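Chain and residue survey
Listed below are the residues making up each chain.
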2 protein chains.
Amino acid sequence: MVTIYDIAKLAGCSPATVSKAFNNYSSVKESTYKKVMEVSESLGYTPNTNARALTTKKTWLIGVLFSEDTGAGITHPHFSEILQNFKMRSSEYGYDVLFVSKQIGNKEASYLEHCKYRGLEGVLLAMDRNHVDEVQNVISSGIKCVSVEDIYPDVPTVIADYRMGTLQALEYLYLLGHRKIAHIACPLTSVAGRERYGAYLEFLNSKGLEVNPKYIIETDVFSHEEGSKAAVKLLQQCWDDLPTAIFIAYDDIAFSAMSTIQSQGFRIPEDISVVGFDNLKLSCYMSPALTTVHQDRATIGRMAADRLIQLIENKPTEDALDVRIPTKLIVRNSCARA
Amino acid sequence: MVTIYDIAKLAGCSPATVSKAFNNYSSVKESTYKKVMEVSESLGYTPNTNARALTTKKTWLIGVLFSEDTGAGITHPHFSEILQNFKMRSSEYGYDVLFVSKQIGNKEASYLEHCKYRGLEGVLLAMDRNHVDEVQNVISSGIKCVSVEDIYPDVPTVIADYRMGTLQALEYLYLLGHRKIAHIACPLTSVAGRERYGAYLEFLNSKGLEVNPKYIIETDVFSHEEGSKAAVKLLQQCWDDLPTAIFIAYDDIAFSAMSTIQSQGFRIPEDISVVGFDNLKLSCYMSPALTTVHQDRATIGRMAADRLIQLIENKPTEDALDVRIPTKLIVRNSCARA
DNA sequence: CTGAAAGCGCTAACAC
DNA sequence: GTGTTAGCGCTTTCAG
C-alpha cells in the first residue's frame, strides 16, 4: 500500500506537506503541489479513509435503514427509486452510502451500535413501525436522521403530500359524478395509510357525503395479494349497494384488486371506476391503464439527502421540519362518469 | 467517545486485555472477560472500525456497483431483489455493504480509486456494458469480484440459466402447436439479450424451423417503452404473415408489448400467444396473466454473497466459475393452442 | 493469563 | 511554505 511517506520521499518533501497538498491547503506552493500530485499519480496512491477518519472524526459515511421484510424495503419500487436518488445526491456531496445492519462481525448488534461502530454521520430512515424502538434509539443517540417513511418527533421528514394527493383523486371522482366512493386503505400502521384514509374521511365530510363503513377496507400489509382479498371483501359486504368508484391507497394493491374485480364480472371503468396512488411504473400497462396519483420519488430522495447533509454539516435551513412534496393526478382510463 | 482505555481503567486491566476480550482470545480469564464486558456495557462502548481497520487491514466492507442510468440499477425490480438478498447474506457474515461511487470527497474519482479509498474487500458487479473499462480496472486491481450481470474473464458469475429458461418457454409454445414463433429480444449488449436470443436460434434449429428475420426484433434498452415500439414494428413488418406466438425476452417489455398488441385489435392468447422472461411480480396481474420464465433472484443474491465472501476469505470452493441458477416456466393465461 | 510498546496512515498544531 | 511531532483507537508481538 502506497502511503504519504512513500510520496514524501520521492517528492522530496515531508508527509505533512503531502497531506496538505491533498487537502488543498492554500499554503502549499504551486510547484510542490504539482510535484506531489505527479508522484502520487505515478505510484497509484489513494488516501486511506480509515486513517483519515481516525484523526478527523469525519467518516463521510451515511447509513440507510430499510425494512428487510419481504416486499418492503429496497425491493419496493417506491423505496428503490428514493434510495437511488438519495445515493446519487449524497455522492455528489462526497458522502458514501452504507446499509445499516444488525451485525458487527459475527455478533448481533443493535442498529445504534452498528451506526456507532461505522461512525455513520447520518442515517436515512425508511423503516416501517415494526422496529420503532430500535429506530428511536438511533434518533435519541444524536446521530442526524431524516425520514422518508414514518414520522418521528423532531426528525425532519420528506414525504409526498398524501392529503393533497388523496383530495386530487377524490375531487376528480366527484367531478365525474361519483358519490358512492369506496376506499381500500393501505395499512393504517403507516403514515401513508393513515393520511390517505384521513383525507378520504375529510373529503366525504367536506362534500356532505355519508361515511359508509361497508365502503372501507383496511389491508394488513403492502402487497399484491392484499388487493385481491380486499376486493373480494368489499364486493361481498356491499353486494346490495355497490360503490360506483373505489379509491385505492396504493397502486400495487390496486393492480390485484382490479384484476379480481374484473374476474368477478365487473367492467372497469364502466361498472366501477378506480383510482390508485403512487403511479408505479406499471400502472400505465394495466388494462385499463390506471388513473393514479403521482408522487415525485426522485425529488424525495434528493431532498432527503440535501436535508440530511445540511444537518450533518450544521448548515442553516429554512425548510420546515415536515416537508411535503406536491403530488399530481395522472388521468388514464380507469375512471368513467358515474 | 468511549475507548478501550476508559474500559481498561474501570475494569482494572490494560487496554490490550480489553482488546483481547473483545476479540474472544481464549487466553483471557473468564472473570476478567466478564468484568470487561460489564464495564463496556455500562459505558455504552462500541469498538471503532476505523481504528480496527487501520491495524488489521480488514474493513469488513463490500461494495456494490450498480448502473445509475434511469430504469437500470437498483430501481430495476430484478436487481433490487438480488441486492436485498445479497445484503442480507453479507450481513450474516459480518460484512457491510456500501455503494461504490465515483466521488471521493469533492473530487471525481474512478470506481477503482473509490474502492481503494474505502478499503473494500470485494465488489458485487451489476453494471451494464457502458462502463466496462472502469469495471475492468477494478477487476484487474485484484479486488475480489463476483458478477450478477455481465460476464468478465476469470470473474465468478452467478446468473440464471438463460438458455434453459428460453428453451423451457419455447418448448412449451412448440407443444401448444406453435411453429411461427417471433422473438422480441432485449438489448444484445447484455448477456440476457445475447443468451436468450442465442437459445432462440438454437431452438428453431433443433426443431428444423426456419429462422425468419422478420420475426426478430431487437430492443435498444431495458424499458417499458421499448415494448410498444417493438410490438408495432413486429406487427408492421410481418403483417402478411403474422407469427402465432411471441417469446419476449423480458417481462417489463412484454407488459407494454401486450398492451400495444391488444390495442391494435389482437386478442391474447386467442390470436397471438405471448411468453415473457423474468417473472416480475406484476406479471400475474396483467390481463391476461403472463406466462413467463421465473428466475430465482433470492438465490442469485445469496449465492453471489457466498461466493464473494469465499473469495475474500480464501476459502476453497467447488463451484464453477460460471454458476447458473435453474429457471422455471410459470404457466398462466397468455398462451393458447396454435 | 496479562501488560508494555510499537505501529497502522493520516492530520493538525506549532515551530521554523 | 514546510517540517516536526503527537496522537486518533485499536491490535499485536513479545515479555513477564
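Higher on the page you've got the structure.
**Some remarks on the packing of aromatic side chains**
Residue and element names in this part refer to chain A. Under the criterion given, the structure shown has 15 aromatic pairs over all chains. Ring centres of F22 and Y45 lie 5.1 Å apart, and the angle between their planes is 65°; on these two criteria the pair is classed as edge-to-face. Of this pair, F22 sits in helix α2 (residues 15-22) while Y45 sits in the loop between α3 (30-43) and α4 (49-56); the two residues are 23 residues apart in sequence, bridging distant segments of the chain. The pair F22 / Y45 is uniform in exposure class, with both members buried. Three or more aromatic residues joined by ring pairs form one cluster here, namely Y162, F247 and F277.

**Examining the packing of helix α6 (residues 111-118) of chain B against helix α7 (residues 132-140) of chain B**
A packed helix pair is summarised by two numbers, namely the angle formed by the two axes and the spacing between the axes. Residues and elements named next belong to chain B. For the pair α6 and α7, interaxial distance at closest approach is 8 Å and the crossing angle is 35°. Here Y111, L112 and C115 of α6 lie close against α7, whose contacting residues are E134, N137 and V138. In terms of residue class, the contact of α6 with α7 is built from 4 nonpolar, 1 polar and 1 charged.

**Notes on the sheet that holds strand β8 (residues 181-185) of chain A**
Residue and element names in this part refer to chain A. Across the sheet, which stays open at both edges, the 6 strands sit in the order β9-β8-β10-β11-β12-β14 with mixed pairing between neighbours. Across the chains shown, the open sheet's two edge strands, defined by having one partner strand only, are β9 (216-218) and β14 (327-330). Averaged over all neighbouring strand pairs, the angle between strand axes comes to 15°, with direction disregarded. Note: strand β11 (residues 273-278) against strand β12 (residues 291-295), 4 bridges, orientation parallel. Its bridge partner being in β12, F277 is matched across the sheet by V293. Across the face of the sheet, helix α9 (residues 191-206) comes into contact with β8, β9, β10 (245-248), β11 and β12 while running at roughly 165° to β8.

**A few points about the nonpolar core**
If you look at the biggest cluster of nonpolar residues, it comprises 155 residues, and the most contacted ones within it are F86(A), I184(A), F86(B) and I184(B). Ranked by residue count, the leading element in this core is helix α8 (residues 162-175) of chain B, at 7 residues. When residues no more than four places from it in sequence are discounted, the contact partners of F86(A) are I62(A), V64(A), V97(A), L124(A), G301(A), R302(A), A304(A), A305(A) and L308(A). In terms of nonpolar packing, the next biggest core, distinct from the first, is built from 36 residues, I143(A), L65(B), C115(B) and M127(B) among them.

**Observations concerning the pattern of salt bridges**
Residues and elements named next belong to chain A. Following the criterion strictly, the structure yields 36 salt bridges over all chains and no others. A salt bridge links D322 to R324; the nearest nitrogen and oxygen atoms lie 3.1 Å apart. You can call D322 partly exposed: its relative accessible area is 35%. Among the ionic contacts, a cluster of salt bridges with common partners joins R89, E92 and D306.

**Here's the deal with the protein's contact with DNA strand C**
Close to DNA strand C lie 28 residues, the nearest being S19(A), Y45(A), K20(B), T32(B) and T55(B). Put simply, 67% of the atoms of DNA strand C that lie within 4 Å of the protein are in sugar or phosphate. Between I4(A) and DNA strand C, the recorded distance is 2.7 Å, taken from a backbone N or O atom to a phosphate oxygen. Between DNA strand C and Y5(A) there is a distance of 3.0 Å, counted from a base nitrogen to a side-chain nitrogen or oxygen. Taken together, the elements giving at least two residues each to the surface near DNA strand C come down to α1 (4-11), α2 and α4 of chain A together with α2 (15-22) and α4 (49-56) of chain B. For the surface near DNA strand C, the leading source of residues is α4(A), giving 4 residues. Looking at the surface near DNA strand C, its residues break down into 12 nonpolar, 11 polar and 5 charged.

**Let's talk about the interface of chain B and chain A**
Contacts between the two partners involve 58 residues from chain B, matched on the other side by 58 residues from chain A. Carbon and sulfur atoms make up 53% of the surface buried where chain B meets chain A, a total of about 5,400 Å² over both sides. Interface area lost by chain B to chain A is led by F99(B), Y117(B) and Y285(B), which between them contribute 14%. As a salt-bridge pair, R118(A) and D96(B) come within 2.6 Å of each other at their nearest N and O atoms. Joining chain B to chain A, the criterion identifies 23 residue pairs in polar contact (both at pLDDT 80 or more). Elements that contribute at least two residues to the side of chain B that touches chain A include exactly α4, α5 (77-92), β2 (96-99), β3 (103-104), α6, α10 (224-237) and α11 (251-263) of chain B.

**Looking at the sheet that holds strand β12 (residues 291-295) of chain B**
Pairing between the strands of a sheet comes from backbone hydrogen bonds, and it takes one of two forms, parallel or antiparallel. Residues and elements named next belong to chain B. With respect to topology, 6 strands assemble into an open sheet ordered β9-β8-β10-β11-β12-β14, the strand pairing being mixed. The sheet is open, and its two borders are formed by β9 (216-218) and β14 (327-330), each paired with just one other strand. Looking at each pair of strands side by side, their axes are set apart by 15° on average, direction ignored. As paired strands, strand β8 (residues 181-185) and strand β10 (residues 245-248) are joined by 4 bridges and run parallel to one another. Its bridge partner being in β10, A182 is matched across the sheet by I246. Against the sheet, α8 engages β8, β10, β11 (273-278), β12 and β14, with an angle of about 25° to β14.

Definitions and cut-offs
- Along each chain, numbering runs from 1 in the same order as the chain's sequence is written.
- Labels follow written order: the first chain is A, the first ligand is 1, and so on.
- Local features in this predicted model are restricted to residues of pLDDT 70 or higher, and side-chain atom pairs are both shown and tallied only at a pLDDT of 80 or more, whereas totals for entire chains, interfaces and linings draw on every residue.
- Only heavy atoms go into the side-chain values, all of them from the structure, while hydrogens and water stay out.
- Any two rings among Phe, Tyr and Trp, with Trp reduced to its six-membered ring, count as a pair given centres within 6.5 Å; such a pair is stacked if its planes are under 30 degrees apart, edge-to-face if over 60, and tilted if neither.
- The secondary structure listing takes helices from DSSP runs of H or I that are at least 4 residues long and strands from runs of E that are at least 2 residues long, numbered from the N terminus.
- Whether a residue is buried, partly exposed or exposed follows from its accessible area with a 1.4 Å probe, protein chains only, as a fraction of its type maximum: under 20%, in between, or over 50%, in that order.
- Think of each axis as a best-fit line through the C-alpha atoms, taken over the contacting stretch in the case of a helix, with angles from 0 to 180 degrees between the N-to-C directions.
- The contact criterion used is simple: two residues touch if any of their non-hydrogen atoms lie within 4.5 Å.
- Note that Gly is not counted as nonpolar here; it falls among the polar residues with everything else outside the nonpolar set of Ala, Val, Leu, Ile, Met, Phe, Trp, Tyr, Cys and Pro and the charged set of Asp, Glu, Lys and Arg.
- A pair of strands is treated as paired once DSSP finds two or more bridges between them.
- Here, nonpolar core means buried Ala, Val, Leu, Ile, Met, Phe, Trp, Tyr and Cys residues that are tied together by side-chain atoms lying within 4.5 Å of each other.
- Salt bridges are counted wherever a side-chain nitrogen of Lys or Arg sits within 4 Å of a carboxyl oxygen of Asp or Glu.
- It suffices for a single heavy atom of a residue to lie within 4 Å of a molecule or strand for the residue to be listed as near it.
- Counted as a polar contact is a pair of N or O atoms within 3.5 Å, where, for protein atoms, one must be capable of donating a hydrogen and the other of accepting one, and residues adjacent in sequence contribute only when both atoms are in side chains.
- Defined in terms of a 1.4 Å probe, buried area is the accessible area two parts forfeit on being brought together, summed over both.

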